[in-house]
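# Structure assessment
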Amino acid sequence: MNFQAAQDGVDIISLSITPNRRPPGLATFFNPIDMALLSAVKAGIFVVQAAGNTGPSPKSMSSFSPWIFTVGAASHDRVYTNSIVLGNNVTIPGVGLAPGTNNGTMYTLISALHALNNETTIANDMYAGECQDSSNLNQDLVQGNLLICSYSVRFVLGLSTIKQALQAAKNLSAAGVVFYMDSTVVGFRLNPIPMRMSGIIVPSPDDSKILLKYYNSSLDRDEFTGKITRFRAIARISGGVKANYNSSSPVIMFYSARGPDPEDSLLDDADILKPNLVAPGNFIWAAWSSLGTESVEFQGENFALMSGTSMAAPHVAGLAALVKQKFPSFSPSAVASALSTTASLHDKNGGPIKAQRAYANPDQNQTPATPFDMGSGFVNATAALDPGLIFDSSFDDYMLFLCGINGSGPVIFNYTGQNCLTYNSTINGTDLNLPTVTIAKLDKCRTVKRTVVNVAGNETYSVSWSAPYGVSMKVIPARFSIASGEKQVLYIMFNATMNSSTASFGRIGIYGNQGHVLNIPLAVILKITYNTTNG
């Protein structure tokens, strides 16, 4: 595939697949996908890969290698929400790409379980409450009212569908449909689902209980027979087809795979920062085949709202193409550098970008994101087209890195045909000229070298830094002037000041007097300081 892509003159490959398990063997980098992509990079092709949807646990990353640009998923500020307003003035939020009821008119609520026809009982159709078959329901009761249906685990499994329930409601001339979350559905997150009539899905089990409590308390019953004599619960649905804009974005989504980058199946940490970047990946309008059968809810649709790192990667691939268009001579690593050093570190409110930490109630489980959550930050389309300085690496640099892994020679020769004996020296991941610095094990002290190239006009830069906790550091030079096209070497000195196995993070800022700003994330995991005890 990659050889054909090179022959076709491809500049960018966007890959939304990852290994389905951590690759065994010497190192995670030696898997068929990563090694094939190395040959693409050798041909000058920039490779973008989705990080994987296995978050939020640490070391859940599914994209491993330094020559691959790994993209995680974040939210954006466009959301589609609707709500139901009950007769007692309680408003319950929901999901659903659905129109609202007419002009704020209140409609009577009626549960499918209370609208069964004479031939249907719970005993002979235990799923009647899911509204899958209009023949089970009494049209005289449902017509013109809001039909309440249960969203059970059968919907999650695909045995029941929203589309079928909507068709049943339409057959019965209902004014709309209200789905409540059955108590058997725990921790399931719903995407906005298109509905061609007024409708809402209440995704919260707690909110569903509030809805049902109001409904049941509003029923009039015959005091002798217990039969319902009147349905007094009323409600209206506000539409969910118009976008709302939330200024708290971006937030790293709970499912987005996290670092640190696992170096091998023993879960040793690599000296490589992953992910590289995050981009919009949640509730993305995506082209959809109307003939597609993957999702029953989207059958017949031409677009669908999709979520995942596979939605985030194409955003970055498109921007990479613009960078390549402006700088045709850029190598894949130069494109990666432009995207990385210009990334945003703050949300729209100016606060730190946050990351969801749990699958359950992710909005209530957020803390500031680290480089292991977001890499260099959230992609900044405008700034990436004017990076000022870039960090460049070559295929030979990656080979020096791979050949530095003990016992890797035969594996490398098998994949690439390259003989490690032809290289006079090797390097480790920290020494790759990346726009990040990751040190898996800082044993007392370490000096790291980085080289930048000026792709803008003449400029004078000043350097500042914040050291990772448990580390002291210094960057030399702290100020430099650089002409267009020139290179500058930076030396970054790290000293462990405490013993710790907990990852800590810092940042280098490089500020130009012509407005260019570069952010270099730092990650140090294991820190070992001098042993001051005797014996």
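Residues numbered from 1 in each chain as written. Predicted model: local features only at pLDDT ≥ 70, side-chain atom pairs only at ≥ 80, totals over all residues. Heavy atoms only, no water.

By the naming in an unreviewed UniProt entry, the protein chain goes by Peptidase S8/S53 domain-containing protein and is assigned to Manihot esculenta. Taken verbatim from the UniProt record of the protein chain, the Subcellular location (unreviewed entry) comment is "Secreted". The annotation that UniProt attaches to the protein chain under Sequence similarities (unreviewed entry) is "Belongs to the peptidase S8 family." (UniProt positions renumbered as here; feature names shortened; annotations may be inferred.)

All told, the structure shown has 9 salt bridges when counted by the stated rule. Of the charged contacts in the structure, one is a salt bridge between arginine 357 and aspartate 373, with a shortest N-O distance of 2.8 Å. Highlighted residues: arginine 357 in the loop between strand S19 (354–356) and strand S20 (366–368) and aspartate 373 in helix H9 (residues 371–374), separated in sequence by 16 residues. Overall, arginine 357 belongs to the partly exposed group, its relative accessible area being 32%. (Salt bridge = Lys/Arg side-chain N within 4 Å of Asp/Glu carboxyl O. Helix = DSSP H or I, 4+ residues; strand = E, 2+ residues; numbered from the N terminus. Buried < 20%, exposed > 50% of the residue type's maximum accessible area, 1.4 Å probe, protein only.)

Moving on, we come to helix H5 (residues 162–171). Each full turn of the α-helix corresponds to 3.6 residues, which orients residues three or four apart in the same direction. Of the residues making up H5, those classed as buried are Ile162, Ala165, Leu166, Ala168 and Ala169. The arc that holds every buried residue of H5, seen down its axis, measures 160 degrees, which confines them to one face. Immediately downstream of H5, the backbone of serine 173 shows phi near 60 degrees, a positive value. (Arc of directions from axis to C-beta.)

Bringing the packing of helix H2 (residues 32–42) against helix H11 (residues 395–403) into the picture now. Interaxial distance between H2 and H11 falls to 9 Å at its minimum, and their mutual angle equals 150 degrees. Relative to H11, the element H2 lies roughly antiparallel. In this structure, H2 uses Met35, Leu38, Val41 and Lys42 to contact H11, whose residues at the interface are Phe395, Tyr398, Met399 and Leu402. Looking at the contact of H2 with H11 residue by residue, the class counts come to 7 nonpolar, no polar and 1 charged. (Axes fitted to C-alpha atoms, helices over the stretch in contact; angles between N-to-C directions. Parallel < 35°, antiparallel > 145°, perpendicular 65-115°, else oblique. Contact = heavy atoms within 4.5 Å. Nonpolar A, V, L, I, M, F, W, Y, C, P; charged D, E, K, R; others polar.)

Moving on, we come to the domain arrangement of the protein chain. In terms of domain boundaries, the protein chain breaks down into domain 1 (1–73 + 253–285 + 307–387), domain 2 (78–244) and domain 3 (388–393 + 432–534). Its C-alpha centre places domain 1 at a distance of 21 Å from the equivalent point of domain 3. Taken together, the contacts link 25 residues of domain 1 with 27 residues of domain 3. Counting each side, the surface lost to burial between domain 1 and domain 3 is near 2000 Å², with a carbon and sulfur contribution of 63%. Together, Thr341, Phe372 and Pro387 form the three largest contributors to the area buried by domain 1 at its contact with domain 3, with a combined 26%. (Domains from an automatic or database assignment. Buried area = accessible area lost by both parts, 1.4 Å probe.)

Looking at the element boundaries, arginine 446 is found in strand S23 (residues 445–454). Beyond its immediate stretch of four places on either side in the chain, arginine 446 contacts Asn428, Thr430, Asp431, Ile439, Ile492, Met493 and Phe494. In terms of polar contacts, arginine 446 uses its side chain to reach the side chain of asparagine 428, at 3.0 Å. (Polar contact = N/O pair within 3.5 Å; in protein donor to acceptor, adjacent residues only side chain to side chain.)

This part is about the nonpolar core. Judged by nonpolar contacts, the single largest core of 48 residues is most densely connected at Leu109, Leu147, Ile162, Val178, Phe179 and Ile201. Secondary-structure elements contributing two or more residues to this core are strand S5 (82–86), strand S7 (107–111), strand S8 (146–151), H5, strand S9 (176–181), strand S10 (199–202), helix H6 (205–217) and strand S13 (234–238). When residues no more than four places from it in sequence are discounted, the contact partners of phenylalanine 179 are Cys149, Tyr151, Phe155, Ile162, Ala165, Met195, Ile200, Ile201 and Val202. (Core = buried A, V, L, I, M, F, W, Y, C linked by side-chain atoms within 4.5 Å.)

On to the side chain of threonine 430. Among the secondary structure elements, threonine 430 is positioned in the loop between helix H12 (409–416) and strand S22 (437–443). At 2.8 Å, the side chain of threonine 430 forms a polar contact with the backbone oxygen of threonine 438.

The next thing to look at is the pairing of S23. Most of S23 is tucked away: 7 of the 10 residues are buried. Judged from the 3 bridges that link them, strand S21 (residues 389–391) and S23 form a sheet pairing that is antiparallel. Following the sheet pairing, leucine 389 is matched in S23 by asparagine 454. Note that S23 and strand S27 (residues 487–496) share 9 bridges and pair antiparallel. (Pairing = 2+ DSSP bridges.)

The sites that carry the UniProt feature "domain: Subtilisin-like protease fibronectin type-III" (unreviewed entry) are, in the present numbering, residues 431–524. Annotated as residues 431–524, this span is 0% helix and 66% strand, and its ends, taken at the C-alpha atoms, are 14 Å apart.

Between helix H7 (residues 309–326) and helix H8 (residues 332–341), the shortest axis-to-axis distance is 10 Å and the interhelical angle comes to 110 degrees. Overall, the two elements H7 and H8 adopt an arrangement that is roughly perpendicular. Helix-helix and strand crossings are classified by hand; for H7 and H8 the assignment is right-handed. Contacts between H7 and H8 involve Val316, Leu319, Ala320 and Val323 from the first element and Val335, Ala338 and Leu339 from the second. By residue class, the composition of the contact of H7 with H8 is 7 nonpolar, no polar and no charged. (Left-handed = near helix turned anticlockwise from the far one by under 90°.)

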